[in-house]
Amino acid sequence: MKVGILGSGDVGKTLAAGFIKHGHPVMIGTRTPDKLAEWKQKNPRGQIGSFEDSAKFAELVVLAVKGTVARDALLAAGVASLNGKIVVDATNPIAEAPPVNGVLKFFTDLNESLMERLQREFEGARFVKAFNSVGAPCMVNPQFSATPTMFICGNDDVAKKAVSGILAQFGWEAADMGKAEAARAIEPLCML
Ligand SMILES: NC(=O)c1ccc[n+]([C@@H]2O[C@H](COP(=O)([O-])OP(=O)(O)OC[C@H]3O[C@@H](n4cnc5c(N)ncnc54)[C@H](OP(=O)(O)O)[C@@H]3O)[C@@H](O)[C@H]2O)c1
């Protein structure tokens, strides 16, 4: 499956390398391709383009940008290029405010998650929340004593099944928590 990763931070680079490792063609989308020079050296099969290039290239999209700009990145990717595609949403709605005693602040509340907002606005995309609740170093085939569980959710059962298959490749067992509203519980796991 051709994978377009929107985001060039630790999550974007880690997941992109993971998809390449598991045989998927990958294009990272970024506004600043130069900063991926080192990643490209280590991952010569990976391609780099704009958010729009990456979404057009993709059969499956991964959203891995700062939560505050998730909407902007999807708009830059292009509504038409997202329509009908699975969007694996790894983002968290972390506010531009310092943590309180180490606890992150969110710009959403417990009655509305970021993924619900995105699913409502980009209604043709098939969002599945995944990967947001674990640190980037644990996302791809982590070495734990037992298979770890990744909480996922989303409105489209076929999309969740596909993402569960990807998670299995990445060494995770998926636990489906329900429709998009379940992101209200999954997003705050990043605080822990
Ligand atoms: N780091 C982790 O371990 C971790 C774990 C789980 C979930 N998450 C979540 O995953 C997401 C990505 O985290 P991260 O640590 O990899 O990176 P990040 O620093 O949160 O985000 C980096 C990405 O945001 C994009 N970006 C920043 N400002 C932008 C703007 N105004 N318009 C468009 N794009 C913009 C950057 O674009 P350019 O490429 O153009 O610079 C870059 O691709 C976040 O939502 C985070 O909460 C992180």
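Preceding this section is the structure that the text describes.
First, a word on scope: everything that follows refers to the structure included in this document. (Residues numbered from 1 in each chain as written. Predicted model: local features only at pLDDT ≥ 70, side-chain atom pairs only at ≥ 80, totals over all residues. Heavy atoms only, no water.)

Right, let's talk about the site of the ligand for a bit. Around the ligand lies a shell of 25 residues, among which Ser8, Thr30, Arg31, Lys35 and Val65 are the nearest. One nitrogen or oxygen atom from the main chain of aspartate 10 is found 3.0 Å from an oxygen atom belonging to the ligand. The contact in question runs from an oxygen atom of the ligand to an N or O atom on the backbone of alanine 90, over 3.3 Å. When the ligand is considered free in solution it has 900 Å² of accessible area, and contact with the protein chains removes 77% of it. For the shell around the ligand, a count of residues per class yields 11 nonpolar, 10 polar and 4 charged. (Near = heavy atom within 4 Å. Polar contact = N/O pair within 3.5 Å; in protein donor to acceptor, adjacent residues only side chain to side chain. Areas by Shrake-Rupley, 256 points an atom, 1.4 Å probe, with all protein chains shown as cover. Nonpolar A, V, L, I, M, F, W, Y, C, P; charged D, E, K, R; others polar.)

Inspection of the entire model under this criterion finds 3 aromatic pairs. Here phenylalanine 131 and phenylalanine 170 contribute two aromatic rings whose centre-to-centre distance is 5.8 Å and whose plane-to-plane angle is 55°, an arrangement assigned as tilted. One end of the pair, phenylalanine 131, is in the loop between β6 (126–129) and β7 (149–152); the other, phenylalanine 170, is in the loop between α7 (157–169) and β8 (173–176), with 39 residues separating them in the sequence. Accessibility classification places phenylalanine 131 together with phenylalanine 170 in one group, the buried group. (Phe/Tyr/Trp six-rings, centres within 6.5 Å; stacked < 30°, edge-to-face > 60°. Helix = DSSP H or I, 4+ residues; strand = E, 2+ residues; numbered from the N terminus. Buried < 20%, exposed > 50% of the residue type's maximum accessible area, 1.4 Å probe, protein only.)

What follows concerns the nonpolar core. Among the nonpolar cores identified, the biggest contains 31 residues, and Ile5, Leu15, Phe19, Val62 and Phe131 are the most heavily contacted of them. Counting residues per element, the ones that place at least two in this core are β1 (3–6), α1 (10–21), β2 (26–29), β4 (60–63), β5 (86–89), β7 and α7. Counting 24 residues, the second-largest nonpolar core is a separate cluster that includes Ala58, Ala77, Leu114 and Ala125. (Core = buried A, V, L, I, M, F, W, Y, C linked by side-chain atoms within 4.5 Å.)

Here we come to the sheet that holds β6. Here we have 6 strands laid out as an open sheet, ordered β3-β2-β1-β4-β5-β6, and parallel in their pairing. Looking at strand neighbours, the two that pair on one side only are β3 (47–49) and β6, the edges of this open sheet. Recorded for the sheet is a direction-independent mean angle of 25° between the axes of neighbouring strands. Bridging between β1 and β2 involves 4 bridges; their strand directions are parallel. In the sheet register, glycine 4 faces β2, and the bridge partner there is methionine 27. In the packing of helix α6 (residues 114–121) onto the sheet, the strands contacted are β4, β5 and β6, and the crossing angle to β6 comes to about 170°. (Pairing = 2+ DSSP bridges. Axes fitted to C-alpha atoms, helices over the stretch in contact; angles between N-to-C directions. Contact = heavy atoms within 4.5 Å.)

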